[in-house]
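Single-letter residue listing:
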Amino acid sequence: MTDAPSPLPELLRRVAAGDRTAFAELYRLTAPKLFPVALRITQRRDLAEEVLQESFVAMWNQAASYDPIKGVPLVWMTTIVRHRAIDQRRRRANLADATAGSDDALLTLVAGESDRADRGAELAALQRCLDTLEAQPRQAILLAYLHGYTHDELARRLATPVGTVKSWIRRGLERLRRCLDG
Amino acid sequence: MKYDDPQLREALASRYVLGTMPRLARARFDRLIAEDAALCAEMRDWAEIFAPVDAAETPVAPPPRVWRAIEAQLGPATPLRAPVRAGWWQSLTLWRGAAALATAVAAALLIYVGAVELRSARPLPTVVAVLMDKDGAPAWIARFESRDVVNIAALRHPSIDSRHSYELWAIAGSAPPKPLGLLAPGLPGGQAIDAAAVPPTGGVLAISLEPAGGSPTGKPTGPVLFQGKVISNPL
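Starting from 1, residues in each chain are numbered consecutively following that chain's sequence as written. Here chains are named by letter from A upward and ligands by number from 1 upward, in the order in which they appear as written. Local features in a predicted model are, by the rule used here, given only for residues with pLDDT of at least 70; side-chain atom pairs are given and counted only at 80 or more, and totals for whole chains, interfaces and linings are based on all residues.

Novice: What is the right way to read the overall build of chain B from this model?
Specialist: The helix and strand inventory of chain B stands at five helices and eight strands. Secondary structure follows DSSP: runs of H or I at least 4 residues long count as helices, runs of E at least 2 residues long count as strands, and numbering of each begins at the N terminus. What you see in chain B, going N to C, is helices and strands ordered as α-α-α-α-α-β-β-β-β-β-β-β-β. Note on contacts: residues are paired as contacts if their backbone-placed C-beta atoms lie within 7 Å. When contacts within chain B are restricted to residue pairs at least 6 apart in sequence, those whose partners lie at least 24 apart make up 62%.

Dropping the structure here:
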């Protein structure tokens, strides 16, 4: 991360005006950051490619309605990719669970046990506050965010009734918010 | 449901970001935040809380075919600043060319339209005409909504500056074009026109670039940017 101003707001403004060159540049700068998000949630390369394609077409079509109140451009774009990836994943929800076994590495990544130093203060703050949660709510929240699990899938995965999972998540998020605001 | 309970608002915004919201509820939430800036800001705050997780991913470049597929889906870029040509609709060469083009690409077009319809998973209404740009890429589609109403919608994202308007024309035989009204390209659901004004099968729908507010003369004055043969008009 550098402190140079992001070129994304200006690119997005030009994309909203129908500028294809700006769109190509926006893709070049952001696709490598968004693709791993789609990969992580879909767990399949072909589906992740499809999600990325759909997402960028949607960004092109929705660029004119982008508003900074929706977040900085990369956050807005990530939300679009995440939701499409989650939809893609849910369409295959009854297939074999391809994500089984891959949780540990990801949970480790977010739990701060990896030694990458360049993640910045925001991730450190999130990790610190996640650590204040009890193990099960923390795991439910992370599995939902990282993999796009539904409440039902979380309940199966964590061998816990759906109602319990929902309340773990609800209270966990409230606590997380208080910790981050405090 | 009431959306003024702060706890409910926070719960919805956080579930939207976390990804546990069912698809329909998410679509409803998308509509809510379009009109409720405070709720949108609440959603943004949650998105920014979790954003560092995604930002921590090691970048992975997608294969080049993804960008090629995106470009193919958007169609060729269409610069709108074509030179003004007077009396274009009287040029025999143009219409001979248009007729040849229409025949040559008709099959491809129907496949294209079919693909668009499949993707959007809506029932297929009768296609009246597909209007192409000068490169032959489909740009607008006109469909019967009912026996009285034809809907014309942009297939991609045409842009136009505030000094110009798109104007739609009906051309039947050798008669001068009849104005069918101005088109707003950004309208999400397309625009309704009177089905009775659509030329019979074999006629042409064309869109010209006119000064803002439409042609001052009642006849096209600017370049024709899009045109398509009426492939089906049972009326």
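Read on, since the account is not over.
Novice: How should the overall build of chain A be read in this particular structure?
Specialist: Secondary structure assignment for chain A yields nine helices and zero strands. Starting at the N terminus, the α and β elements of chain A follow one another as α-α-α-α-α-α-α-α-α. The burial label depends on the number of other C-beta atoms within 10 Å of a residue's C-beta. Counts of 20 or more mean buried, 12 or fewer mean exposed, and intermediate counts mean partly exposed, with C-beta atoms placed from the backbone. Within chain A, buried positions represent 37% of all 182 residues. Sequence-distant contacts, at least 24 apart, represent 63% of the contacts inside chain A between residues at least 6 apart.

Novice: Can you help me understand the interface of chain B and chain A in this one?
Specialist: For interface size, the figure often reported is the accessible area lost on association. At the interface, 37 residues of chain B touch 47 residues of chain A. Among the elements that take part in the side of chain B that touches chain A, helix 3 (residues 37–55) of chain B stands out by supplying 12 residues, more than any other. Grouping the constituent residues of the side of chain B that touches chain A by class yields 23 nonpolar, eight polar and six charged. By the convention adopted, Pro, Cys, Tyr, Trp, Phe, Met, Ile, Leu, Val and Ala count as nonpolar, Lys, Arg, Asp and Glu as charged, and the other residues, Gly among them, as polar.

Novice: In this structure, what is going on with the confidence of the model for chain A? I would like to understand it.
Specialist: For any part of a model where pLDDT is low, the fine detail of the predicted coordinates should not be relied upon. All names here are of chain A. Mean pLDDT for chain A: 85, with 84% of residues reaching 70 or above. Mean pLDDT values over the elements of chain A span from 52, in helix 5 (residues 103–110), up to 96, in helix 2 (residues 20–42). One confidence number per residue, pLDDT, is output by the predictor and ranges from 0 to 100. Overall, residues 98–102 carries pLDDT values under 50, and its contacts beyond four positions in sequence, including any with other chains, amount to four contacts. Below pLDDT 50 for its whole length, residues 113–117 participates in three contacts with residues either more than four positions away or in separate chains.

Novice: Explain helix 3 of chain B here, please?
Specialist: Each full turn of the α-helix corresponds to 3.6 residues, which orients residues three or four apart in the same direction. Residue and element names in this part refer to chain B. In this scheme, a helix's expected span is set at 1.5 Å multiplied by one less than its residue total. Over its 19 residues, helix 3 extends 25 Å from the first C-alpha to the last, a length consistent with the 27 Å expected when each residue adds 1.5 Å. Helix geometry: helix 3 is bent most strongly at I49, by close to 35°, with proline P52 lying one to four residues after it. Every buried residue belonging to helix 3 is among L39, C40, E42, M43, R44, W46, A47, I49, F50, A51, V53 and D54, and all of these are buried. A residue's bend is the angle separating two fitted axes: one through the seven residues that end there, the other through the seven that start there.

Novice: In this structure, what is going on with the nonpolar core? I would like to understand it.
Specialist: Most often, soluble globular proteins keep nonpolar side chains buried together rather than apart. In this usage, the nonpolar core is the set of buried Ala, Val, Leu, Ile, Met, Phe, Trp, Tyr and Cys residues whose C-beta atoms join them within 7 Å. Core analysis: the largest hydrophobic core is formed by 35 residues, its most contacted members being A:A140, A:I141, A:A144, A:Y145, B:V17, B:M43 and B:F50. The element contributing the most residues to this core is helix 3 of chain B, with nine residues. Once you skip the residues sitting within four places of it in the chain, A:Y145 turns out to touch B:L18, B:G19, B:F50 and B:V53. Judged by nonpolar contacts, the second largest core, of 30 residues, contains B:W140, B:Y166, B:V204 and B:L209.

Novice: How should the pairing of strand 2 (residues 138–144) of chain B be read in this particular structure?
Specialist: Where a strand is regular, its side chains alternate between the two sheet faces. All names here are of chain B. Burial runs high along strand 2: six of the seven residues are buried. The pairing of strand 1 (residues 127–132) with strand 2 spans five bridges and is antiparallel. By the bridge assignment for strand 2, V127 is matched with R143. Between the end of strand 1 and the start of strand 2, which pair antiparallel, lie five residues, with G136 showing a positive phi angle near 85°. As defined by bridge partners, strand 2 adjoins strand 3 (residues 149–154) across five bridges and the pair is classed as antiparallel. The residue bridging R143 from the neighbouring strand is N151, located in strand 3. In this analysis, strands are considered paired if DSSP registers two or more bridges between them.

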